[in-house]
Every structure is written in structure tokens, then in C-alpha cells.
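An overview of the molecular structure
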Amino acid sequence: MWVGVVSIFPDMFRMLTSEGVVARAIASGALDLVIENPREHTEDRHSTVDDRPYGGGPGMVMKVEPLRRAIDALKQRAGGPTRTVYLTPQGTRLEQRNVEALAREERLVFIAGRYEGIDERVIEDVDEQISIGDFVLTGGELPVMVVIDAVARYLPGTLGNAQSAQDESYRTGLLDWAHYTRPEHVMGRSVPTVLLGGDHEAIRRYRLRDALGRTYERRPDLLSGRVLSNEERKLLADYLEQPGAC
Ligand SMILES: C[S@@+](CC[C@H](N)C(=O)[O-])C[C@H]1O[C@@H](n2cnc3c(N)ncnc32)[C@H](O)[C@@H]1O
């Protein structure tokens, strides 16, 4: 996948490129990440990318020309059609299904805003606007990194075990089940016995029961549109009777 980012703070992206899953995706060639700084597309000696808002009011607004030129430069380098995404608190709230849709694209261009945001005439030309939640950050770099991180997990060869991305919270419409690793007993707490026995069917049922139970307790909204199978109904009823048991 080819990903271009428009940002006036390219160094912030070192967080993604220096270590972790995204760095591995880049090293393996599964992800090509290019950052374009609108300051390099200015014509004045101060490399101005922002100006005061028409109509007055606080803060500054990112100007059309440097952004437009940075986007065009990325589109030229992409080597094919791109989908352009502006990260904004006014966008569609990011969910796993948007992440999966983005992961199916071959080339993406993300725009990170700053200040009061970017001139509306740039926004008019983007394909999609995404928010990472109902709160306002100082800039779009962290939201862009959040999206790239979530998308990179779907790229072939990126995760140690591709099944991880399939079983995750939200992917199945349920929250993920509880995870345990060695040692079996630690600080007075033990691993549920069923996970030690190697009975794959019992483990599947236990995990489904746990996923249903914690989704019911923490995110009942996720269950409201879901038709539960007979097995799921029984497992959830059992969990609600005795949540800790297995
Ligand atoms: C201070 S914010 C501008 C907020 C804008 N005035 C508003 O109220 O919609 C600056 C930039 O941060 C980014 N940003 C802030 N919060 C975000 C969020 N929740 N999701 C995605 N991007 C966000 C956007 O790129 C935005 O242009």
C-alpha cells in the first residue's frame, strides 16, 4: 500500500517509522509512507502556510495553495489513483469497518490540519473526512498516525499472526475475550482452567462466552443490532448467571 501524508510536522511521523508494526510494514515493503510538507510549497521567505480567517475570529487557517500543491505532489508520486482523506473532528467517526475499507485501497493521501483547521476550499475536494473521536486535538498528525496504524495491521505479512486482526475487538462485532500468558499462577491469580486443557471446542466456547459477556457489560450498544445465535444466547445467559465461572 502506498500512503502519502500532508503535514507541517513531518518529524512527528518518526514515531511510526522507527519501531513497531508500521516500521516493520515499511521495512518489508508492504507499506510505502511519504510525508509532504506544505511549507516546501510556499513562495514567500517565511514559508507561510496559514493566514487570518475571513470574517475575523481567533486563530489561523491553513491556506489553500501550499496544501493544494502538497496534495498534488503526493498524487503525482503515488503512481495511480488515490483516495484523499482529511482528518477532522467534523468527519465520520472512525470504526473498524472504515479501517477495513481503507485497508482495501491501494493508495491513500491523508491531510493533517493545524490551527483552526484548513480552508474549506481544500476540504471540498477530498474524498472522505474522518474523525478519531468526539474531542479536539491540536493537530491532525496523531489522528493520521492512528488511522495508518490501524490500517497497517491488515497489510499482508504485517502482524506476526494474521488471525490476530480477524479476532480483534469490533472485527467480529464483539469485544475481544480476556488473554492470559505464562506463568499459570501469579500474585494470587490463576489462568482459567479451561485454557490449560487443550480442548479446542471448550476453549472456543469459553472465549465466545467471555466476549459476549464483556460486550454486554461494557458496550451493550454493540449487541443491540445483533441477532444472537442459540449458542450465543445460551452462553450469554450462562455468563450473566455466574460471570467469573468457566
Ligand atoms: C484544533 S483542530 C481544528 C478544529 C476545528 N476548528 C473544529 O472545531 O472542527 C486542528 C486540526 O486537528 C485535527 N483534529 C483535531 N481533532 C481531531 C479529531 N478528533 N479527529 C481527527 N482530526 C482531528 C484536524 O486535522 C484539525 O484540522
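Per chain, residues are indexed from 1 in the order of the written sequence. In keeping with the predicted nature of the model, local features appear solely for residues at pLDDT of at least 70, side-chain atom pairs appear and are counted solely at 80 or more, and the whole-chain, interface and lining totals rest on all residues. With hydrogens and water stripped out, all remaining heavy atoms of the structure feed into the side-chain values.

1. Some words on the side chain of Glu-36
One can find Glu-36 in strand β2 (residues 32-36). Classification of Glu-36 by relative accessible area gives buried; the value is 11%. In the analysis that follows, any N or O atom pair within 3.5 Å is treated as a polar contact, provided that within protein one partner can donate a hydrogen and the other can accept it, and provided that, for residues neighboring in sequence, both atoms belong to side chains. Polar contacts involving the side chain of Glu-36 include one to the side chain of His-41, which spans 2.7 Å. Residues count as neighbours in contact if any of their non-hydrogen atoms are within 4.5 Å of one another. Apart from residues no more than four positions distant in its own chain, Glu-36 is found in contact with Val-5, Val-6, Ser-7, His-41, Ala-70, Ala-73, Leu-74 and Arg-77. Helix and strand assignments follow DSSP, with helices taken as H or I runs no shorter than four residues and strands as E runs no shorter than two, numbered in order from the N terminus. For every residue, the accessible area (1.4 Å probe, protein chains only) is compared with the maximum for its type, and the residue is labelled buried under 20%, exposed over 50%, or partly exposed between those bounds.

2. So, the site of the ligand
Surveying the vicinity of the ligand reveals 20 residues, the closest of which are Tyr-86, Leu-87, Gln-90, Glu-116 and Phe-135. A distance of 2.6 Å is found between an oxygen atom of the ligand and a backbone nitrogen or oxygen belonging to Leu-87. Contacts to the ligand include Gln-90, whose side-chain N or O atom sits 2.9 Å from an oxygen atom. Protein chains bury 86% of the 580 Å² of accessible surface belonging to the ligand in isolation. Cavities and pockets are defined on a 1 Å grid built over the protein atoms alone: a cavity is a set of grid points where a 1.4 Å probe fits but cannot escape, while a pocket is an open set with protein on both sides within 12 Å along at least five of seven lines, and lining residues are those with an atom within 4 Å of any such point. Molecules are considered to sit inside a cavity or pocket once more than half of their atoms lie within 2 Å of its grid points. When atom positions are compared with the pocket grids, the ligand is found to occupy the largest pocket. Residue assignment for the shell around the ligand shows that the elements contributing at least two residues are β5 (83-93) and β7 (128-131). Of the residues forming the shell around the ligand, the biggest block, five residues, is contributed by β5. Residues were grouped as follows: Ala, Val, Leu, Ile, Met, Phe, Trp, Tyr, Cys and Pro as nonpolar; Asp, Glu, Lys and Arg as charged; and all remaining residues, including Gly, as polar. Across the shell around the ligand, the residue classes break down as ten nonpolar, nine polar and one charged. Near, as used in this document, describes a residue that has one of its heavy atoms within 4 Å of the molecule or strand being considered. Only the protein chains shown count as cover for residues, and all accessible areas are computed by the Shrake-Rupley method using a 1.4 Å probe.

3. Some details on the pairing of strand β1 (residues 2-6)
Taking burial as the measure, the five residues of β1 include five buried ones, the bulk of the element. By the alternation rule, side chains of β1 split into Trp-2, Gly-4 and Val-6 and Val-3 and Val-5, which are all buried. Here β1 pairs with β2 via five bridges, running parallel. In the sheet register, Val-3 faces β2, and the bridge partner there is Leu-33. Pairing between strands is defined by DSSP: at least two bridges between the two strands are required. Sheet analysis places β1 next to strand β6 (residues 107-112), joined by five bridges and oriented parallel. Bridging from a neighbouring strand, Val-5 pairs with Phe-110 of β6.

4. Overview of the pattern of salt bridges
Pairing is possible between side chains of opposite charge, provided their charged atoms come close. Take a side-chain nitrogen of Lys or Arg and a carboxyl oxygen of Asp or Glu: if they are within 4 Å of each other, that pair is a salt bridge. Within the structure shown, the criterion is met by 18 salt bridges. One salt bridge connects Asp-125 with Arg-68, and the closest N-O pair in it is separated by 2.9 Å. Of the two residues, Asp-125 sits in the loop between α5 (120-123) and β7 while Arg-68 sits in helix α3 (residues 64-78), which places them 57 residues apart along the sequence. Relative accessible area serves as the criterion here: at 48%, Asp-125 is assigned to the partly exposed category. Between Glu-95 and Arg-97 there is a salt bridge; the shortest N-O distance is 2.8 Å. Judged by its relative accessible area of 36%, Glu-95 falls in the partly exposed class. Here the residues in one salt-bridge network are Glu-201, Arg-204, Arg-205 and Glu-231, joined through shared partners.

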